[in-house]
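Spelled out from the first residue to the last, the chains are:
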Amino acid sequence: MENTRKPYQLVSLDWKQERTVFSVKGVEIGGDNFNLIAGPCAVETEEQIHTIASYLSKKGVKILRGGAYKPRTSPYSFQGLKEEGLKYLKEAADRNNMAVITEVMDTNLVDKVYEYTDIFQVGTRNMQNFQLLKALSKSDKPVMLKRGWSSTIEEWLLAAEYLLLGGNSNVILCERGIRTFENSTRNTLDLNAVGLVKTLSHLPVFVDPSQATGVRNIVHPMCLAAMAAGADGIMVEVHNQPQEALSDGVQSIYFDQFDKITEDIYSLSSLIGKRPDFAKSVKI
Ligand code: PEP
Ligand code: MN
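So, here is what we can say about the structure in this document. The residue count restarts for each chain, going from 1 along the sequence in the order it is written. Chain letters start at A and ligand numbers start at 1, both assigned in the order the entries are written. Whole-chain, interface and lining totals are the exception, using all residues; otherwise, since this is a predicted model, local features are given only for residues with pLDDT of at least 70 and side-chain atom pairs are given and counted only at 80 or more. Side-chain measures were taken over the full set of non-hydrogen atoms in the model, leaving aside hydrogen atoms and water.

As for the overall build of the protein
Item 1. Working definition: helices are DSSP H or I runs of at least four residues, strands are E runs of at least two. Numbering for both runs from the N terminus. A count of helices and strands for the protein gives nine helices and eleven strands.
Item 2. The dimensions of the protein, computed from C-alpha atoms along their principal axes, are 60 × 45 × 40 Å.
Item 3. Charged residues are defined narrowly, with Lys and Arg counted positive, Asp and Glu counted negative, and His plus the chain ends left uncounted. Here the site of a charge means NZ on Lys, CZ on Arg, CG on Asp, or CD on Glu. Charge-centre separation for the protein: the mean point of 32 positive side chains lies 1 Å from the mean point of 34 negative side chains.

Printed below as a string of structure tokens:
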């Protein structure tokens, strides 16, 4: 007989057959829902995050992203506004009736980030930071766990297992591209992982086509591909002036590109039986 025993348990569909669905500030995640998370890579100024949040909320986006503590490859790159950035992010979200997702990079920042965020983001570089996972497993706020850029699907699910084992079952898995030999794009979006993880786990699976591609003009097709592959949501980087962005400008899309994505996601959703969390194309 085939050995189907898996090293992870709580995250698996064998363990729990119903798909995980939970609410964040009235926004349902998982199941038949399709969530669109958007915002800049990093919070840069008060004005920048307010401009972007106000535009996105008019488009119906309910969850605002923005990094305040940025994990940058170079120590000379913009590191984020830190707590000031968290404040601006939360104010912009509150003013527009949106929920917040932002990255927590370190165990000693969990309490501070908790004050401002609705969902903790664990970045690709921290997927196997087990101390951080254990700390977040004790939180009553959901966690989005990015896939490590060189982690296998099994390692990713085992990292999620830490969160569930510690008591936090409100977890989103997020495929954000893996490192391969291909260097024309920043990473390689592993859509196989989306399809496969949906057969292995009851947790919602999102895709971040911005980090996955690193190329603004292919974010749109990869959003649609992610949805067609079975993703439960996407997270995209949107900027009012991408050419001026302090981080990830080349992959940040313009407002008019975002408009097109919302329209096409809306059209595709009826075909594949998903319920988008935003209203149908609002012209602004
Ligand atoms: C980000 O979302 O801006 C980010 C740094 O993501 P990742 O950890 O996937 O690189
Ligand atoms: Mn980024």
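Considerations on the packing of helix 8 (residues 219–228) against helix 9 (residues 255–272)
Item 1. Packing of helix 8 against helix 9 leaves a shortest axis separation of 10 Å and a crossing angle of 20°. Between helix 8 and helix 9, the angle is such that the two are roughly parallel. Note that helix 8 runs across helix 9; the crossing there is right-handed. Along its contact with helix 8, which presents V219, H220, C223, L224, M227 and A228, the element helix 9 presents K260, I261, D264, I265, L268, S269 and I272.
Item 2. Here the nonpolar group is Ala, Val, Leu, Ile, Met, Phe, Trp, Tyr, Cys and Pro; Asp, Glu, Lys and Arg are the charged ones; every other residue, Gly included, is treated as polar. For the contact of helix 8 with helix 9, the residue count by class is nine nonpolar, two polar and two charged. Working convention: axes come from line fits to C-alpha atoms, limited for helices to the stretch in contact. Angles between N-to-C directions cover 0 to 180 degrees. When describing relative orientation, an angle under 35 degrees is termed roughly parallel and one over 145 degrees roughly antiparallel, while 65 to 115 degrees is termed roughly perpendicular and anything else oblique. Two helices crossing with the near one rotated counterclockwise from the far one by less than a right angle form a left-handed crossing, whereas a clockwise rotation gives a right-handed crossing. Contacts are assigned to residue pairs that have any heavy atoms within 4.5 Å of one another.

Comments concerning the nonpolar core
Item 1. As used here, the term nonpolar core means buried Ala, Val, Leu, Ile, Met, Phe, Trp, Tyr and Cys residues forming a set that is joined through side-chain atoms within 4.5 Å. Remark: exposure states derive from per-residue accessible area (1.4 Å probe, protein chains only) relative to the maximum for the residue type, with buried under 20%, exposed over 50%, and partly exposed in between. Core analysis: the largest hydrophobic core is formed by 69 residues, its most contacted members being L56, L64, L136, L145, L173, I234 and F258.
Item 2. Apart from residues lying up to four places away in sequence, L173 is in contact with L145, W156, L157, A160, V197, S201, L203, P204, V205 and F206.

Here we look at the site of ligand 1
Item 1. With respect to spatial proximity, 13 residues lie near ligand 1, and among them R65, K70, T124, K146 and R176 are the closest.
Item 2. R125 places a polar side-chain atom, nitrogen or oxygen, 3.2 Å from an oxygen atom of ligand 1.
Item 3. Definition of a polar contact: a pair of N or O atoms within 3.5 Å, with one able to donate and the other able to accept a hydrogen when the atoms are protein atoms, and with sequence-neighbouring residues admitted only if both atoms are side-chain atoms. Contacts to ligand 1 include R176, whose side-chain N or O atom sits 2.7 Å from an oxygen atom.
Item 4. When the free accessible area of ligand 1 is taken as 300 Å², the share hidden by the protein chains comes to 97%.
Item 5. Among the residues making up the shell around ligand 1, the classes are represented as one nonpolar, four polar and eight charged. Residues are counted as near a molecule or strand when any one of their heavy atoms sits within 4 Å of it. Accessibility throughout is a Shrake-Rupley quantity obtained with a 1.4 Å probe, and a residue counts as covered only by protein chains that appear here.

Observations regarding the packing of helix 5 (residues 153–165) against helix 6 (residues 191–200)
Item 1. Running from N to C, helix 5 and helix 6 point in directions that differ by 50°, and their axes come no closer than 11 Å. In terms of orientation, helix 5 lies oblique with respect to helix 6. The two elements helix 5 and helix 6 meet at a crossing, and its hand is right-handed. Within the contact between the two elements, helix 5 uses I153, W156 and L157 and helix 6 uses A193, L196, V197 and L200.

Here's the deal with the packing of aromatic side chains
Item 1. Pairing of aromatic rings covers Phe, Tyr and Trp, the last counted by its six-membered ring, and requires centre-to-centre distances within 6.5 Å; plane angles under 30 degrees mean stacked, over 60 mean edge-to-face, and any other angle means tilted. The tally for this structure, following the rule as stated, stands at five aromatic pairs.
Item 2. Taking the centre distance of 6.1 Å and the plane angle of 70° together, the rings of Y55 and F258 count as edge-to-face. Highlighted residues: Y55 in helix 1 (residues 46–58) and F258 in helix 9, separated in sequence by 203 residues.
Item 3. The class of F258 is buried, set by a relative accessible area of 0%.
Item 4. An angle of 65° between the planes, with centres 5.8 Å apart, marks the rings of Y266 and F278 as edge-to-face. Taken as a pair, Y266 in helix 9 and F278 in the segment after strand 11 (275–276) lie far apart in primary sequence, twelve residues in all.
Item 5. Under the relative-accessibility criterion, Y266 is labelled partly exposed at 26%.
Item 6. For F278, a relative accessible area of 3% corresponds to the buried category.
Item 7. Through a chain of ring-to-ring contacts, three or more aromatic side chains come together here, namely Y55, F255 and F258.
Item 8. For a Lys NZ or an Arg CZ to count as sitting over a ring, it must be within 6 Å of the ring centre and within 35 degrees of the ring normal. The ring of Y114 carries the charged tip of K141 above its face, separated from the ring centre by 4.1 Å.
Item 9. Residue placement shows R179 over the ring face of W149; its charged tip is 4.6 Å from the ring centre.

Some thoughts on the pairing of strand 6 (residues 119–122)
Item 1. The side-chain alternation of strand 6 yields two buried faces, one formed by I119 and Q121 and the other by F120 and V122.
Item 2. Across three bridges, strand 5 (residues 99–103) lies against strand 6 in parallel orientation. Its bridge partner being in strand 6, I101 is matched across the sheet by I119.
Item 3. Alignment of strand 6 against strand 7 (residues 143–146), held across three bridges, turns out to be parallel. Residue pairing for strand 7: Q121 is matched across the bridge by M144.
Item 4. Classification remark: right-handed applies to a crossover when, strands pointing away from the viewer, the course from the first strand over the helix to the second runs clockwise. You can see the chain leave strand 6, run along helix 4 (residues 130–137) and come back into strand 7, and the turn it takes is right-handed. Strand pairing is assigned whenever DSSP identifies at least 2 bridges connecting the two strands.

A closer look at unusual backbone geometry
Item 1. For N97, which is not glycine, the phi torsion reads 60° and is therefore positive.
Item 2. Structurally, the position occupied by N97 is in the loop between helix 2 (83–95) and strand 5.

Digging into the pairing of strand 3 (residues 33–39)
Item 1. Of all seven residues making up strand 3, seven are buried, and the element is well covered by its neighbours.
Item 2. The alternating pattern of strand 3 places N33, N35, I37 and G39 on one face and F34, L36 and A38 on the opposite face, and all of these are buried.
Item 3. Bridge count between strand 3 and strand 11: two bridges; the pairing is parallel. Bridge pairing in strand 11 places F34 opposite P276.

As far as function goes, none of this settles anything; it's purely spatial.
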